Amino acid sequence: MITELAVPIVVAPMAGGVSAPALVAGAVDAGAFAFLASGYVTAEVVREQIRQTRELTGKPFGVNIFAPSAQSTQDLSGYGDAVRAEAAARYGAEAGVEQWDDDHYAAKVDAVVEARIPVVSFTFALPRAEDVARLKEIGSVVVVTVTTPAEAVAAAERGADVLCVQGSAAGGHRGVFVDDPAYPGGGPLYDLLPALRLTSAEVDLPLIAAGGLTHGADVAAVLAAGAVAAQLGTVFLRCPEAGTAAPQRAALAQGGRETILTRAFTGRPARGLVNRFITDHPNAPSAYPNLHNLTRPVRAAAGKAGDAEGMSLWAGQAYPLARETPVGDLIRDLAGEARTAAITLTRRLGIPD
């Protein structure tokens, strides 16, 4: 399915409400593919989002699931105390509890199996072997996000049908299977083109390219590098159909901020716009989703107050190029730019039209 898209563009799953049913439906109706993001909500909410999306479109779409991360053994009490003090002082709010959970993983797998979702992707770790088998039994395509060739090999051995190769410029969370505290990005950082080349040398699977792509020429570039499709996320954050919070929309439109990899909000490396919270917590421990659960009420309070300095403003390195355009129009614009880039390339290489 993903290998035969009319428009070889995938709208990335963006948790926290961004990947709204209207965004997903608008993208697939325009000939691209898109994922609902199941992260941070219950399985019942996922079922409702699937229902809403199917009311908006009759075309297929996917669902992304966070595979459970390993439990941290670090002492988080000091970080928890600091965040609780900040929450009370700045917003009169209570922080959450720095506890681990599996994000309702099993129930969400049940939900996508029951709904017979045609493409199911997994991020943060390998899906369980029995879940891969269940999905394949109903004809679902299994996609796994990888950041290194070694992860790609492990995903192929687990039975993945397609790999989403995430380059270092990507916005939001890094998809590393194991978050190594010695690395700011949780592990070695690969630019997207080297990651594609190294991965294709190790595994013989279709590859989706993700990370820093915002223009149709970027789509053409990764297709030329061997990908079957390009996954874009940040460029859709300003679409009216996206569930992006107003303070983040304003920060994206204003530009001027650098992006950085941080564990401050969730305990897992993620790329976002630099703000006060990130600057004040440069040495956050590696402990996901413990820190996510700790800071979630604080981020919600900051959003309610319109304070972008206390929110997780996830975005890729090329975020200033995000466009305030309806998703269907944006998909068509990107496709046109990709075709133009391809024509330019063939002419530059002396290939007749």
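In what follows, the structure referred to is the one given above.
Notes on the structure in this doc start here. The structure presented is a predicted model; accordingly, all values stated were derived computationally and were not measured.

## Section: the state of the cysteines
Step number 1: Following the criterion strictly, the structure yields zero disulfides and no others.
Step number 2: Between cysteine 164, a cysteine without a disulfide, and cysteine 239, which holds the nearest cysteine sulfur, the sulfur-to-sulfur distance is 18 Å.
Step number 3: Cysteine 164 gets classed as buried once you look at its relative accessible area, which sits at 2%.
Step number 4: Note on cysteine 239: relative accessible area 0%, which makes it buried.

## Here's the deal with the sheet that holds strand 11 (residues 270-273)
Step number 1: Sheet architecture is open: three strands sit in the order 7-11-10, paired in antiparallel fashion. Single-partner strands in this sheet number two, and they are strand 7 (172-173) and strand 10 (259-262).
Step number 2: Relative to strand 11, strand 10 runs antiparallel, the two being bridged by four bridges. When the bridges of strand 11 are listed, threonine 259 appears paired with leucine 273.

## Remarks on helix 1 (residues 21-29)
The α-helix advances 3.6 residues per turn, and as a result positions three or four apart in sequence lie on the same side.
Step number 1: Listing the buried residues of helix 1 in full gives Pro21, Leu23, Val24, Ala25, Ala27 and Val28.
Step number 2: On the buried face of helix 1, the contacting elements are strand 1 (9-11), strand 2 (33-37), helix 2 (43-56) and helix 12 (327-348).

## Points about the packing of aromatic side chains
Step number 1: Per the counting criterion, the structure on display carries seven aromatic pairs.
Step number 2: Seen in terms of ring centroids, phenylalanine 33 and phenylalanine 35 are 5.4 Å apart; in terms of plane orientation they differ by 80 degrees. Their pairing is edge-to-face. You'll find phenylalanine 33 and phenylalanine 35 in the same group, each marked buried.
Step number 3: Among the aromatic residues, ring-to-ring pairing joins Tyr40, Phe66, Phe124 and Tyr288 into one connected group.
Step number 4: It is arginine 268 that lies over the ring of tyrosine 288; its NZ or CZ is 5.6 Å from the centre.

## Structural notes on the sheet that holds strand 6 (residues 162-166)
Step number 1: Within the closed barrel, the eight strands sit side by side as 1-2-3-4-5-6-8-9. Their pairing is parallel. Each adjacent strand pair in this sheet contributes to an overall mean axis angle of 25 degrees, direction not counted.
Step number 2: Pairing of strand 2 with strand 3 (residues 62-66) involves three bridges; the strand directions are parallel. Bridge assignment links alanine 37 to a residue of strand 3, and that residue is asparagine 64.
Step number 3: Contacting strand 2 and strand 3, helix 2 runs over the sheet at an angle of about 150 degrees to strand 2.
Step number 4: Along the sheet face, helix 4 (residues 105-115) touches strand 3 and strand 4 (119-123) and points at about 165 degrees away from the line of strand 3.

## So, a nonpolar patch on the surface
Step number 1: Taken together, the side chains of Leu345, Leu349 and Ile351 make up a nonpolar region of the molecular surface, amounting to roughly 280 Å² of accessible area.
Step number 2: Structurally, leucine 349 can be placed in the segment after helix 12.
Step number 3: Judged by relative accessible area, leucine 349 falls into the exposed class, the value being 57%.

## Description of the pattern of salt bridges
Step number 1: Counting across every chain of the model gives 17 salt bridges.
Step number 2: The salt bridge involving arginine 84 is made with aspartate 81; its shortest N-O contact spans 3.5 Å. Here arginine 84 pairs with aspartate 81, and both are found in helix 3 (residues 77-91), just three residues apart, close to one helical turn.
Step number 3: By relative accessible area, which is 48% here, aspartate 81 ends up partly exposed.
Step number 4: A salt bridge links glutamate 86 to arginine 90; the shortest N-O distance between them is 3.9 Å. Of the two residues, glutamate 86 and arginine 90 are both situated in helix 3; the distance of four residues between them amounts to about one turn of the helix.
Step number 5: Given a relative accessible area of 47%, arginine 90 falls into the partly exposed group.
Step number 6: Salt bridges sharing partners connect three or more residues here, namely Glu86, Arg90, Arg276 and Asp307.

Conventions adopted
Residues numbered from 1 in each chain as written. Predicted model: local features only at pLDDT ≥ 70, side-chain atom pairs only at ≥ 80, totals over all residues. Heavy atoms only, no water. Disulfide = S-S within 2.5 Å. Buried < 20%, exposed > 50% of the residue type's maximum accessible area, 1.4 Å probe, protein only. Pairing = 2+ DSSP bridges. Helix = DSSP H or I, 4+ residues; strand = E, 2+ residues; numbered from the N terminus. Contact = heavy atoms within 4.5 Å. Phe/Tyr/Trp six-rings, centres within 6.5 Å; stacked < 30°, edge-to-face > 60°. Lys NZ or Arg CZ within 6 Å of the ring centre and 35° of its normal. Axes fitted to C-alpha atoms, helices over the stretch in contact; angles between N-to-C directions. Patch = residues over 30% accessible without salt bridge, like charges linked within 9 Å, V, L, I, M, F, W, Y side chains within 5 Å. Areas by Shrake-Rupley, 256 points an atom, 1.4 Å probe, with all protein chains shown as cover. Salt bridge = Lys/Arg side-chain N within 4 Å of Asp/Glu carboxyl O.

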